[in-house]
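# Reading the structure
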Amino acid sequence: MVTPNRCRQAVIELEDVFGVSQRRACRVVGQPRSTQRLAPPKPSPQEQQLREWLRAFSKRRPRWGWRRAAKALRREGFQINDKKVRRLWRDEGLRVPQKRRRKRLTGIGARVGLMSLLCPNALWAMDFQFDTTVDGRTLKLFNVIDEFTREALATETHRSIDADHVVAILDRLCVERGGPPAFVRFDNGPEFVAYAIADWCKFNHVDAVFIDPGSPWQNAWIESFNGRMRDELLNLWHFDSLLEAQVLIEDWRQDYNLNRPHSAHGDLTPTEFAAQWQHNNQSNTSTTDTLAKQPQLS
């Protein structure tokens, strides 16, 4: 209660609830009577447009806060700083619901990020995730991301996914990405112990990076992706059928790649970052080839 508008509202509440005079209520709140009687200024058309945009953004992205709203505004061409977005966000009473308290991590600790990735398709991280439909039946999700570009390569959703199905998904991704990765990272749970997975890695000359039991933070990128999906989609939807879950989850994956900026990429989306890296890499390769073809002066 530090702004004149909030103090003005508090004075009105005191008058209505306790029936005190305006003079007494202003003295309690610490609001000058001249300020209380002064009508708040009407917002400009530009500010009103920003307020409407923020309200629509909050409905469209209920799990995104004012920081991401500010980034989205600037991406759409608005010249605005974080302070103003934060002020308008709070004036509109917008807030992100608090998350549930996380469980304490236990297990064998190890440093994360021991592999310095330099290009796409260097390392794929994969993991399973579970949910249910309204009839209580299980949904099993197989998520695969590229740790360099943060792209969500696959979010396959079925009632059950066995080792052969995982191999088929990985083969499809190899075709789409132009080849297999150099490494894959996953836990050593029962899903990945199947010989079919090991045979696939051996056949495609892919090295496997295991994590310690009970140490999900060693597979940090895919765990972060799972948390975002759980927070922004799975906790907000009650799927009526498998088909509905497949459609909505795939739509969310595409939206994640196309529209979700990452601060690690300079607020670029995974798709934009991958395209920028590809463009810069091709430009550097073309320049190197051109210099190599030039005759050397003796």
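Residues numbered from 1 in each chain as written. Predicted model: local features only at pLDDT ≥ 70, side-chain atom pairs only at ≥ 80, totals over all residues. Heavy atoms only, no water.

Here we take up the pattern of salt bridges. For the coordinates displayed, the defined rule picks out 18 salt bridges. For the salt bridge of Glu92 with Arg51, the shortest nitrogen-to-oxygen distance reads 2.7 Å. Here Glu92, found in the loop between helix 6 (82-91) and strand 1 (123-132), pairs with Arg51, found in helix 4 (residues 45-60); they are 41 residues apart in sequence, far enough to count as distant. On the basis of relative accessible area, Arg51 is assigned to the buried category, the value being 12%. Each of Glu47, Arg51, Arg55, Arg87, Asp91 and Glu92 takes part in salt bridges that share partners, so that together they form one network. (Salt bridge = Lys/Arg side-chain N within 4 Å of Asp/Glu carboxyl O. Helix = DSSP H or I, 4+ residues; strand = E, 2+ residues; numbered from the N terminus. Buried < 20%, exposed > 50% of the residue type's maximum accessible area, 1.4 Å probe, protein only.)

This next bit is on the environment of Ala220. On the secondary structure map, Ala220 appears in helix 9 (residues 220-234). Sequence separation of Ala220 and Glu147 is 73 residues, and the distance between their C-alpha atoms is 9.5 Å.

Applying the stated criterion across every chain yields a total of eight aromatic pairs. Lying across the ring of Trp64, Arg61 places its NZ or CZ 4.5 Å from the centre. A cation sits over an aromatic face here: Arg68 above Trp64, 5.2 Å from the ring centre. (Phe/Tyr/Trp six-rings, centres within 6.5 Å; stacked < 30°, edge-to-face > 60°. Lys NZ or Arg CZ within 6 Å of the ring centre and 35° of its normal.)

A word on the packing of helix 9 against helix 10 (residues 242-259). Between helix 9 and helix 10, whose axes approach to 11 Å, the crossing angle comes to 120 degrees. One finds that helix 9 runs oblique with respect to helix 10. Viewed along their axes, helix 9 and helix 10 form a crossing whose handedness is right-handed. On helix 10, the residues touching Phe225, Arg228, Met229, Glu232, Leu233 and Leu234 of helix 9 are Leu248, Ile249, Trp252 and Tyr256. Taken together, the residues that form the contact of helix 9 with helix 10 break down as eight nonpolar, no polar and two charged. (Axes fitted to C-alpha atoms, helices over the stretch in contact; angles between N-to-C directions. Parallel < 35°, antiparallel > 145°, perpendicular 65-115°, else oblique. Left-handed = near helix turned anticlockwise from the far one by under 90°. Contact = heavy atoms within 4.5 Å. Nonpolar A, V, L, I, M, F, W, Y, C, P; charged D, E, K, R; others polar.)

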